[in-house]
Amino acid sequence: MADFEIPELKEYPVIPTIQEGVMAHSKPFVAKEEFQQALGFPGKLVDNWQQVAIDKMGELSGKYRSLAVFLDSCVKCGACTDKCHYYLGTSDPKNMPVARQDLYRKVYRRYYTFAGKYFPKLVGATDLTKEVLDDWYSYFHQCSQCRRCSVFCPYGIDTAEISMAAREVMDCIGVGQKYCNEIIAKVYKIGNNLGLPEPALADTLEGLEEDIEDDTGVKVRLPLDEKGAEVLLVTPSADFFAEPHVDGLMGYAKVFHESGISWTLSSHASEAANFGMFIGSYENMRKVSLRIREAALDLGVKRIIFGECGHAWRVAYSFLNTLAGPFDFLDPKYPVPQHIMEFTYDLIQRQAITLDKSANDDMVLTFHDSCNVARASRMGPMPGGQFILPREVIKASCNHFYDMPQDTIHDATFCCGGGGGLLTDDLMEIRVKGALPRMEALKHVVENYGVTHMAAICAICKSQFTKVLPYYGFKMDSIVSVHQLVSNAIVLGNKQ
Ligand code: SF4
Ligand code: SF4
């Protein structure tokens, strides 16, 4: 099944003994010239790459104070060493968060600290050589920017920010990653990660309307580019066709239908994902975000709601207003932006929709907290809403729900293994190995509570689990969308 060793699922998680360099070979394909240039980066490695990279490092630590603080404040306490799923799954010590940071930190020290300039050996400072660059390319693409390590670091050092900076430096010298950069280029050209043009999108939505009518006998619309709608729904393009994502999209449509609130998708902003974050480029993140503003203005909507996508929600929640605001043309009664989970949860609280839990009686559910939602955003009016709301929506839609062990959920959640721009076949080994801690937690609830399905609210998590679950002996369709459960349970026509 695989040309690499698949980790064994143990009864209790075991911290592995280190094996130096076992993942040094893992590197994603390099972006082609045309995709580099579409993003404003050099097409290939520039001649004076060392100097360009060093200058860029100085610019980034000057611009982002958090980065400089993270680089200067690590005390090597070791608290983060066993917290990364990629270390737990691979046993390569460079996948320990502190070691990953040090790949960048030792170069930063060499050029930007007094001790590193004059006594490099004493402080572990290193020149930026081709070998160092190779290590960067390998190990900064073995970090899903999940931020789990930062929760356990007494100084809150966020390795994700260092990985983002490293990737931006590499892009600026012409060594970008194919998967992310090709996708961002597609968003600029066509509007979404999949390169799905407007006629194909319209056709897909029409097909889904027919499917819902065949299934329920009710005409539920999935409108596209409808001017004057109240809500613009921005959702990951995976929702338009892939399983189990599309079942979630049908769930959103049914919820809007029952709420009586008009909504529309946009062909211009037909993508919630924003891979600008994965490559650490605020400039590209801004360009992608502006498409949402343009669509909202053009369609004259009053609210913007995001579908089930983890990193899209992080970008939206944390950055949308600064990158693409002000959104003073929207209805001030609602937060900008809102998550579909907030919308559905509110309707459930107000009893504005009816859910028949028994429709999901063939499943025993658990819930996977997605990293970017759990550790980098909030949801709803209460602290911890990002943990509470999805669980409340699931519990309102089904009769059987069990959480995975406490140290693997909420803000201690383990990454699916495919986040942060790693969801590509050329990185399958690290994706499978990095999924180990989540698979162990899933095994626990399968064996103890008879769990049959795991729900998630992130397009990347859903795609990643569909691929990696079979490596660990689980069925690929045991991952479901939260709004798929809502879709099964919602009673249509009840509120009209
Ligand atoms: S951010 Fe996540 S993937 Fe990256 S080093 Fe920390 S725990 Fe590992
Ligand atoms: S937990 Fe924080 S301070 Fe300790 S080694 Fe890790 S990054 Fe450094």
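Residues numbered from 1 in each chain as written. Chains lettered and ligands numbered in written order. Predicted model: local features only at pLDDT ≥ 70, side-chain atom pairs only at ≥ 80, totals over all residues. Heavy atoms only, no water.

Caption draft 1: Summary view of the overall build of the protein. When you go through the protein residue by residue, the secondary structure sums to 21 helices and seven strands. What you see for the protein is a C-alpha radius of gyration of 23 Å, in line with the 23 Å of a compact globule of 496 residues. In terms of principal-axis extent, the alpha carbons of the protein reach across some 75 × 50 × 40 Å. Pairs at least 24 residues apart make up 81% of the contacts formed inside the protein by residues separated by at least 6 positions. Of the roughly 19200 Å² that the protein leaves accessible, carbon and sulfur atoms contribute 52%. Between the centroid of the 50 positive side chains of the protein and the centroid of its 62 negative side chains there is a distance of 7 Å. (Helix = DSSP H or I, 4+ residues; strand = E, 2+ residues; numbered from the N terminus. Rg over C-alpha atoms; globule rule 2.2 N^0.38 Å. Contact = heavy atoms within 4.5 Å. Areas by Shrake-Rupley, 256 points an atom, 1.4 Å probe, with all protein chains shown as cover. Lys, Arg positive; Asp, Glu negative; His and termini not counted. Charge placed at Lys NZ, Arg CZ, Asp CG, Glu CD.)

Caption draft 2: Highlighting the nonpolar core. Within the largest apolar cluster, 96 residues are counted, with the highest numbers of intra-cluster contacts made by Tyr-104, Trp-136, Met-439, Leu-442, Phe-465 and Tyr-472. With near-sequence residues (within four places) excluded, Tyr-104 lies in contact with Met-57, Leu-60, Leu-67, Leu-71, Trp-136, Phe-140, Ile-162, Ala-165, Ala-166 and Val-169. Leu-224, Val-234, Leu-330 and Phe-401 belong to the second-largest nonpolar core, a separate cluster that totals 69 residues. (Core = buried A, V, L, I, M, F, W, Y, C linked by side-chain atoms within 4.5 Å. Buried < 20%, exposed > 50% of the residue type's maximum accessible area, 1.4 Å probe, protein only.)

Caption draft 3: Here's a closer look at the packing of aromatic side chains. Inspection of the entire model under this criterion finds 15 aromatic pairs. Centroid distance Phe-114 to Tyr-118: 5.0 Å. Interplanar angle 45°. Geometry classified as tilted. Pair noted here: Phe-114 and Tyr-118 are both in helix H6 (residues 114–118), with a separation of four residues, about one helical turn. Exposure remark for Tyr-118: the relative accessible area of 55% places this residue in the exposed category. Residues Phe-327 and Phe-329 carry aromatic rings whose centres are separated by 5.8 Å and whose planes lie at 50° to one another, so their mutual orientation is tilted. We classify Phe-327 as buried; its relative accessible area is 6%. The partly exposed category is assigned to Phe-329, whose relative accessible area is 27%. Of the aromatic side chains, those joined through ring pairs into one cluster are Tyr-64, Tyr-282 and Phe-319. A cation over an aromatic ring shows up here: Lys-83 above the ring of Phe-152, its NZ or CZ 5.2 Å from the ring centre. Directly above the ring of Phe-414 sits Arg-148, whose terminal nitrogen or CZ lies 3.7 Å from the centroid. (Phe/Tyr/Trp six-rings, centres within 6.5 Å; stacked < 30°, edge-to-face > 60°. Lys NZ or Arg CZ within 6 Å of the ring centre and 35° of its normal.)

Caption draft 4: Layout of the pattern of salt bridges. The full count for this structure, using the stated rule, is 24 salt bridges. Where Lys-227 meets Asp-298, a salt bridge forms, and the shortest distance between an N and an O atom there is 3.1 Å. Separated by 71 residues along the polypeptide, Lys-227 in the loop between helix H11 (198–216) and strand S1 (231–234) and Asp-298 in helix H13 (residues 282–299) bring together distant segments of the chain. A salt bridge links Asp-331 to Lys-333; its shortest N-O distance comes to 3.3 Å. (Salt bridge = Lys/Arg side-chain N within 4 Å of Asp/Glu carboxyl O.)

Caption draft 5: Spotlight on the site of ligand 1. Surrounding ligand 1, one finds Cys-84, His-85, Tyr-86, Pro-97, Arg-100, Cys-143, Ser-144, Gln-145, Cys-146, Arg-147, Cys-149 and Thr-159. Sorting the residues of the shell around ligand 1 by element identifies helix H4 (85–90) and helix H5 (97–112) as the ones contributing at least two each. Among the residues making up the shell around ligand 1, the classes are represented as six nonpolar, four polar and two charged. (Near = heavy atom within 4 Å. Nonpolar A, V, L, I, M, F, W, Y, C, P; charged D, E, K, R; others polar.)

Caption draft 6: Expanded view of the sheet that holds strand S2 (residues 263–264). Spatially, four strands are ordered S2-S1-S3-S4 in an open sheet, and the strand pairing comes out parallel. The sheet is open, and its two edges are formed by S2 and strand S4 (338–339), each paired on a single side. Strands strand S3 (303–306) and S4 of the sheet are contacted by helix H14 (residues 310–324), whose axis makes an angle of about 145° with S3. (Pairing = 2+ DSSP bridges. Axes fitted to C-alpha atoms, helices over the stretch in contact; angles between N-to-C directions.)

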